[in-house]
Amino acid sequence: MDLNLTGRTALITGAASGIGKAAAEVMAAEGARIIAVDRDKEGLNDAAGKLPVAPGGLSHVTVTADLSHADGVEAAMHEALDATSGTIDIFVSNAGQCEWRSLDELTDEDWYATLDLNFMATVRAVRFLLPGMLARQWGSIVITASDLARQPERSPADYQVSKAGLVVLTKVLAMEGGPCVRVNAVAPGPIWTPLWSRPGGIADNLARMHERPPQAAVAYELSQRHLPLGRIGQPHEVANVIAFLASDAASFVTSSVYGVDGGSVRGLL
């Protein structure tokens, strides 16, 4: 399917790895110019350097920024808007963090840190980007939520609450942006990203919980969840849905939360 993203400019946060990196790859292949934002400068430059050249010879842009505080978001948005003469057509809000901590281990500072990056970074970025989309009468925002926003588990509480907030924000922004700006969310389930694979990530925590090597622990966990597709997902499988939602192929889709979760959420709503 040709998603007709040629000529569109897409700002993607958390673009140095995982789902954000895959989204940049898919959307660049569909003809979009990418503005890639991440605090990992080395990973960001490496990822952006492998993207296909944008149509018309326009270069992709990297913005190194820490979105966990208001000043970082403001600096990133100014740099991105300056680089594109103020035109951002698509915003993929993907930056986030997840530390595996039980409820009694979470301090107030932990809660604030998670909410600042996972939730408030989106709120703050939208303040900069939505007015331009409304003025141009076209825009698409795709927010990375989580299956845990709709089907919570025991831990990690701060991560799940932040993602539930993003689902509500998606609905609010869709009403604010209509009829010319569409706002949707993807809700990934278990996806093999650094969130899972890094030292101290979900795989390591499952290894301790199930007393098995990390890969075996992940397989066991998925078997216990009775995941219909029976495997962990890959970043490009989420990225394909993000690109679809960002495009005019989804022109009558807004305020939706698309599960890309292998069937992990079994509720009807």
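The rules behind each value
Residues numbered from 1 in each chain as written. Predicted model: local features only at pLDDT ≥ 70, side-chain atom pairs only at ≥ 80, totals over all residues. Heavy atoms only, no water. Axes fitted to C-alpha atoms, helices over the stretch in contact; angles between N-to-C directions. Helix = DSSP H or I, 4+ residues; strand = E, 2+ residues; numbered from the N terminus. Parallel < 35°, antiparallel > 145°, perpendicular 65-115°, else oblique. Left-handed = near helix turned anticlockwise from the far one by under 90°. Contact = heavy atoms within 4.5 Å. Buried < 20%, exposed > 50% of the residue type's maximum accessible area, 1.4 Å probe, protein only. Pairing = 2+ DSSP bridges. Arc of directions from axis to C-beta.

1. Some thoughts on the packing of helix 1 (residues 18-29) against helix 9 (residues 235-246)
- Taken N-terminus to C-terminus, the directions of helix 1 and helix 9 make an angle of 55°; their axes are 8 Å apart at the nearest point. With respect to each other, helix 1 and helix 9 are oriented oblique. For the element pair helix 1 and helix 9, the recorded crossing hand is right-handed. Contacts from Gly-18, Ile-19, Ala-22, Ala-23, Val-26 and Met-27 in helix 1 reach Pro-235, His-236, Val-238, Ala-239, Asn-240, Ile-242, Ala-243 and Ala-246 in helix 9.

2. Some points on the environment of Glu-211
- Structurally, Glu-211 can be placed in the loop between helix 7 (202-210) and helix 8 (214-225).
- Glu-211 gets classed as exposed once you look at its relative accessible area, which sits at 74%.
- C-alpha of Glu-211 to C-alpha of Gly-14: the two residues are 197 residues apart in sequence and 31 Å apart in space.

3. Focus: the sheet that holds strand 7 (residues 257-260)
- Spatial ordering of the open sheet is given by 3-2-1-4-5-6-7, a layout of 7 strands whose pairing is parallel. Pairing within the sheet leaves two strands with one partner each, and these edge strands are strand 3 (61-64) and strand 7. Here the strands of the sheet are splayed against their neighbours by 15° on average, with no regard to which way each runs.
- In this structure, strand 1 (residues 9-13) lies alongside strand 4 (residues 90-93), joined through 3 bridges in parallel fashion. Opposite Ala-10, over in strand 4, you have Ile-90 as the bridge partner.
- Across the sheet, helix 4 (residues 108-136) touches strand 1, strand 4, strand 5 (139-144) and strand 6 (181-188), and the angle it forms with strand 4 is around 170°.
- Here helix 5 (residues 157-177) sits on the sheet in contact with strand 5, strand 6 and strand 7, set at roughly 160° to strand 6.

4. Brief notes about helix 2 (residues 41-49)
- Within the sequence span of helix 2, burial applies to Gly-43, Leu-44, Ala-47 and Ala-48. Down the axis of helix 2, the buried set is contained in an arc of 125°. They therefore lie on one face. Opposite its buried face, helix 2 presents the exposed residues Lys-41, Glu-42 and Gly-49, each directed more than 90 degrees away.
- Where the residues of helix 2 are buried, they touch helix 1, strand 2 (33-38) and strand 3.

Remember that the coordinates give geometry; whether it matters functionally is a separate question.
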